[in-house]
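One letter stands for each residue in the lines below.
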Amino acid sequence: MVNAHFSFSKFCICQNMALTKFSKANLPNLRRLFVEARTDAEESAYSRNAFYNIVLFMSSVAVFSLVAQRMNKTLV
């Protein structure tokens with residue numbers, strides 16, 4: 001009984017590994033496809049824009065957090 005369970009779990013592990021390899025082989029790397037579709041100048045502009053967006057987002061979160069902390073001090 002123990003050997004049958006071990007063989008079945010070994011079969012499942014091997015089957016999962018085969019499915020993982022199969023799915024990785026067929027799925028394209030989307031980032032690489034987008035990079036190859038753009039020129040270097042376009043990619044640089046896109047990257048710079050993404051950087052500014054993340055900095056703006058993090059700054060706004062910090063500002064809202066500070067405002068909320070100050071408002072909480074005045075209410076208490």
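Scroll up a little and you will see the structure.
Residues numbered from 1 in each chain as written. Predicted model: local features only at pLDDT ≥ 70, side-chain atom pairs only at ≥ 80, totals over all residues. Heavy atoms only, no water.

*Asks:* When you look at the overall build of the protein chain in this model, what are you seeing that I'm missing?
*Replies:* A count of helical and extended segments in the protein chain gives three helices and zero strands. Listing each helix as α and each strand as β along the protein chain from the N terminus yields α-α-α. Counting every position in the protein chain, which comprises 76 residues, the buried fraction comes to 1%. Counting every atom, the protein chain has about 7,400 Å² of accessible surface; 68% of that belongs to carbon and sulfur. (Helix = DSSP H or I, 4+ residues; strand = E, 2+ residues; numbered from the N terminus. Buried < 20%, exposed > 50% of the residue type's maximum accessible area, 1.4 Å probe, protein only. Areas by Shrake-Rupley, 256 points an atom, 1.4 Å probe, with all protein chains shown as cover.)

*Asks:* It is not clear to me how the packing of aromatic side chains should be interpreted in this structure. Could you clarify?
*Replies:* The geometry of an aromatic ring pair is captured by two quantities: the separation of the ring centres and the angle between the planes. Evaluated as defined, the whole model comprises one aromatic pair. Ring geometry for Phe 51 against Tyr 52: centres 5.9 Å apart, planes inclined by 55°, an arrangement best described as tilted. Over the ring of Tyr 46 we find Arg 38, and its NZ or CZ is 4.0 Å from the ring centre. (Phe/Tyr/Trp six-rings, centres within 6.5 Å; stacked < 30°, edge-to-face > 60°. Lys NZ or Arg CZ within 6 Å of the ring centre and 35° of its normal.)

*Asks:* How do you make sense of the pattern of salt bridges when you look at a structure like this?
*Replies:* When the charged atoms of two side chains lie near each other, side chains of opposite charge can form a pair. All told, the structure shown has one salt bridge when counted by the stated rule. For Glu 43, the salt bridge identified is with Arg 38, shortest N-O distance 2.5 Å. Residue Glu 43 is classed as buried on the basis of its relative accessible area of 13%. (Salt bridge = Lys/Arg side-chain N within 4 Å of Asp/Glu carboxyl O.)

*Asks:* Would you mind going over a nonpolar patch on the surface with me for this structure?
*Replies:* The grouping of Phe 51, Tyr 52, Ile 54, Val 55, Phe 57, Met 58 and Val 61 at the surface amounts to a nonpolar patch, some 720 Å² of accessible area in total. Within the secondary structure, Phe 51 sits in helix α3 (residues 40-75). (Patch = residues over 30% accessible without salt bridge, like charges linked within 9 Å, V, L, I, M, F, W, Y side chains within 5 Å.)

Distances and angles like these do not, on their own, reveal function.
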